[in-house]
Amino acid sequence: MNEKFTLNNEACQFTPKACCRNSAHMLPVTDWLADLPDNIEENDLVEVQFKNTRKVFFRNVNRLPLEKGVSVIVEANPGYDLGEVVLTGQLVKLQMKKNRIDLNRYEIRNVLRLAEQADHDKAAIAHAKEQDTMIKARQLAKSLGLEMKIGDVEYQGDGSKAIFYYIADGRVDFRQLIKLYAEAFRVRIEMKQIGARQEAGRIGGTGPCGRELCCSTWMTNFTSVGTGAARLQHVSPNPQKLAGQCAKLKCCLNYEVPIYEDALRRGETIGTPVIQEETPDLGFKNDVGQGDLNRFDRKKNHHNDRHNDRRNDRNKNHERQKPADSNRN
């Protein structure tokens, strides 16, 4: 596919290899610099994605013709692994800076070669065992009475190693569990603890907004979400509506908090008297979208809002203009 997409009278061009989604469909990245002639030559670092959201950085020491979407064989411990290139060139260093990765401390392995059909077939055989392995791993963990949940299992491309992703509230002594896993599955075992939000990102899904989950498409750093964000935005305190698929508060509750805080700083605050011509009212709710403060009329014992007052005034003016318009006709 050699089509080119152009924007602004061919002032901006990019090819599908820069923006195509990877086969994992998790955390896609758009490489806007993919078509620059010296993009890859200036940097030998590449970002490779494996199952779901697991991404690792490697060095292209053999100067292979790598671009987004190419399957490669990379070094692993032990053996090798099969992954897909998702980012190359200058943007890789920016991605490492965003993830706070220090090159002096981070162990960067090498890309060995391009993947062949035999590598894909071997990896498919290994990945086909992941579901059964996860079910049996949960049974073994339950037999030992461990307070943990096996959320996912990922086999290495050569089938010599398996990563078990688990969720636990505290520390878990799984030394005996690793021995049982090694005897049952005959592979090298690696245990990796993740949170509830990371598990939801690995599994994926659709949110109540109709879009894919943020943790599966672009979010990598998870910040704490409190109920104060919901109260600030006057969201209904319904646990079923506030919780996401991870059973935690939705991350999107934090998105508009700065806007609400800024609007409230510039406007009137809840609980302060609102001086009117007749009697002072009491503000009880901020309508940030309309820039109004709903007030409680203590004299008439009901609440008003300025937006409705302005709307009623407009309706009255419109009614007054109707006879004049009819007389003209």
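The coordinates are above.
Residues numbered from 1 in each chain as written. Predicted model: local features only at pLDDT ≥ 70, side-chain atom pairs only at ≥ 80, totals over all residues. Heavy atoms only, no water.

## Side note on the layout of surface pockets
Here is step 1 of the chain: The volume enclosed by the largest pocket comes to roughly 1200 Å³.
Here is step 2 of the chain: Along the walls of the largest pocket sit 45 residues, with Thr53, Arg54, Lys55, Val56 and Lys192 positioned nearest its centre.
Here is step 3 of the chain: Going through the elements one at a time, β4 (55-59), β5 (71-75), α2 (91-98), β8 (149-155), β9 (161-167), β10 (188-193), α6 (196-203) and α7 (214-217) are the ones with two or more residues in the lining of the largest pocket.
Here is step 4 of the chain: When its residues are assigned to classes, the lining of the largest pocket shows 19 nonpolar, 11 polar and 15 charged.
Here is step 5 of the chain: Quantified by volume, the second largest pocket comes out at close to 430 Å³.
Here is step 6 of the chain: In this structure, the second largest pocket is lined by 25 residues; those nearest its centre are Pro208, Gly244, Lys250, Cys251 and Cys252.
Here is step 7 of the chain: Counting only elements with at least two residues in the lining of the second largest pocket, the list comes to α6, α7 and α9 (239-242).
Here is step 8 of the chain: The residue inventory of the lining of the second largest pocket, partitioned by class, reads 15 nonpolar, 5 polar and 5 charged. (1 Å grid on protein atoms, 1.4 Å probe; cavity = no way out; pocket = protein on both sides within 12 Å on 5 of 7 lines; lining within 4 Å. Points joined across faces, edges and corners; volume = space filled by probe spheres on them. Helix = DSSP H or I, 4+ residues; strand = E, 2+ residues; numbered from the N terminus. Nonpolar A, V, L, I, M, F, W, Y, C, P; charged D, E, K, R; others polar.)

## Considering the packing of aromatic side chains
Here is step 1 of the chain: This model, assessed by the stated rule, comprises 7 aromatic pairs.
Here is step 2 of the chain: Ring centres of Phe50 and Phe58 lie 6.2 Å apart, and the angle between their planes is 70°; this geometry places the pair in the edge-to-face category.
Here is step 3 of the chain: Each ring, one from Phe57 and one from Tyr106, has its centre 6.4 Å from the other, and the planes form 75°; the classification is edge-to-face. Of this pair, Phe57 sits in strand β4 while Tyr106 sits in the loop between α2 and β7 (109-114), placing them 49 residues apart in sequence.
Here is step 4 of the chain: In this structure an aromatic cluster arises from ring pairing among Phe164, Tyr181 and Phe185. (Phe/Tyr/Trp six-rings, centres within 6.5 Å; stacked < 30°, edge-to-face > 60°.)

## Focus on the environment of Leu87
Here is step 1 of the chain: Tracing the backbone shows Leu87 in strand β6 (residues 80-88).
Here is step 2 of the chain: Considering only alpha carbons, one finds Leu87 and Gln49, 38 residues apart in sequence, at a separation of 9.2 Å.
Here is step 3 of the chain: Among residues more than four places away in sequence, those in contact with Leu87 are Val29, Asp31, Val46, Glu47, Val92 and Gln95. (Contact = heavy atoms within 4.5 Å.)

## Here's the deal with the sheet that holds β6
Here is step 1 of the chain: Read around the closed barrel, the 5 strands follow the order β3-β4-β7-β5-β6; overall the barrel is mixed. Strand-to-strand twist in this sheet, taken as the mean axis angle between neighbours without regard to direction, amounts to 55°.
Here is step 2 of the chain: Bridge count between β4 and β7: 2 bridges; the pairing is parallel. Following the sheet pairing, Arg59 is matched in β7 by Asn110.
Here is step 3 of the chain: The strands touched by α2 within the sheet are β3 (45-49), β4 and β6, with β3 carrying the most contacts at an inclination of about 65°.
Here is step 4 of the chain: Contacts between helix α3 (residues 117-127) and the sheet are confined to β5, β6 and β7, with β6 contributing the most and set at about 110° to the helix. (Pairing = 2+ DSSP bridges. Axes fitted to C-alpha atoms, helices over the stretch in contact; angles between N-to-C directions.)

## A closer look at the pattern of salt bridges
Here is step 1 of the chain: On inspection of all chains with the given rule, the structure shows 12 salt bridges.
Here is step 2 of the chain: Taking the shortest distance from any N to any O, the salt bridge between Asp81 and Arg54 comes out at 3.1 Å. With Asp81 in strand β6 and Arg54 in the loop between β3 and β4, the pair connects residues that are 27 residues apart, well separated along the chain. In terms of burial, Asp81 and Arg54 fall into one category: buried.
Here is step 3 of the chain: Here Arg175 and Asp173 are joined by a salt bridge, their closest N and O atoms 2.9 Å apart. (Salt bridge = Lys/Arg side-chain N within 4 Å of Asp/Glu carboxyl O. Buried < 20%, exposed > 50% of the residue type's maximum accessible area, 1.4 Å probe, protein only.)

## Some words on the packing of helix α4 (residues 130-143) against helix α5 (residues 175-185)
In a packed pair of helices, the relevant descriptors are the angle between the two axes and the axis-to-axis distance.
Here is step 1 of the chain: Two elements in contact, α4 and α5, have axes separated by 10 Å at closest approach and are oriented at 140°. Our classification of the angle between α4 and α5 gives oblique. Between α4 and α5 lies a crossing whose hand is right-handed. For the pair α4 and α5, contact is made by Thr133, Lys136, Ala137, Arg138, Leu140 and Ala141 and by Leu177, Leu180, Tyr181, Ala184 and Phe185, respectively. (Parallel < 35°, antiparallel > 145°, perpendicular 65-115°, else oblique. Left-handed = near helix turned anticlockwise from the far one by under 90°.)

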